[in-house]
Amino acid sequence: MPLAVGTKAPDFTLSTKTADGPKQIKLSDNFGKKNTLLLFFPMAFTGTCTTEMCDTSKELPSYSNLNAVVYGISGDNPFAQEAWARKEKIDVTLLSDYEHKVAKNYGVVYDSFLPQLNLGMGGVPKRSAFIIDKSGVIQYADSNDDAKQLPNFDKIKAKLAELK
């Protein structure tokens, strides 16, 4: 069950890979400055995840105009995320939740991802979206068990416009 609207967002520090090398991103560094959109996704190099991150990359100026920073979070390692981002021209900052701790803290992990394929992959993040306001409080939460179901980005943008 995802964390509810009105809940204080659990802080975290996760790795990303930049042109200058690995970097640590801390959620609370945005507090007092910008709203944050967290987009949890199951894994890099997959169809729906690629569509989501490519489409979101094209919309980054809109999110910036809404005073929001966007992070894509998966359990992939930062080097795999960087390779995927380069291949697909993804500009969203991708954060590696390699141990799935952040996804667990936000209540958005599969007990078993795609069990029909017998992959044996527990802890994979569900496709989920959270808006965290400048005070560090969750203002929007959406999570879906269907990995092919994208978040409602119109609702997300409307909420960010309210918080601007």
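Residues numbered from 1 in each chain as written. Predicted model: local features only at pLDDT ≥ 70, side-chain atom pairs only at ≥ 80, totals over all residues. Heavy atoms only, no water.

Asks: Tell me what's going on with unusual backbone geometry, and back it up with residues and numbers.
Replies: One non-glycine residue, N67, lies in the positive phi region at around 60 degrees. Tracing the sequence through the fold places N67 in the loop between α2 (60–65) and β4 (68–74). Although it is not a glycine, K89 adopts a positive phi angle of roughly 60 degrees. Tracing the backbone shows K89 in the loop between α3 (78–88) and β5 (93–96). For K89, a relative accessible area of 65% gives the class exposed. (Helix = DSSP H or I, 4+ residues; strand = E, 2+ residues; numbered from the N terminus. Buried < 20%, exposed > 50% of the residue type's maximum accessible area, 1.4 Å probe, protein only.)

Asks: Requested: an account of the nonpolar core, with residues and values cited.
Replies: If you look at the biggest cluster of nonpolar residues, it comprises 22 residues, and the most contacted ones within it are L37, M53, W84, I90, L94 and I156. Breaking this core down by element, the ones donating at least two residues are β3 (35–40), α1 (47–58), β4, α3, β6 (127–132) and α5 (153–163). Beyond its immediate sequence surroundings of up to four residues, M53 is in contact with L39, F41, G72, W84, I90, V92 and L94. (Core = buried A, V, L, I, M, F, W, Y, C linked by side-chain atoms within 4.5 Å. Contact = heavy atoms within 4.5 Å.)

Asks: Talk me through the pairing of β6; I want residue IDs and the actual numbers.
Replies: The buried count for β6 comes to six of six residues, which makes it a mostly enclosed element. Burial of the side chains of β6 extends over both faces: R127, A129 and I131 are buried on one face and S128, F130 and I132 on the other. Relative to β6, β3 runs antiparallel, the two being bridged by five bridges. If you follow F40 over to β6, its bridge partner there is S128. Looking at chain direction, β6 and strand β7 (residues 138–144) are connected through six bridges and run antiparallel. Note that in β7 the partner of R127 across the bridge is N144. (Pairing = 2+ DSSP bridges.)

Asks: For α1, give the residues involved together with the corresponding values.
Replies: When the terminal C-alpha atoms of α1 are compared, their 17 Å separation across twelve residues agrees well with the 16 Å that a helix rising 1.5 Å per residue should span. If you check which residues of α1 are buried, you get T48, C49, T50, E52, M53, C54, T56 and S57. (Expected span 1.5 Å × (residues − 1).)

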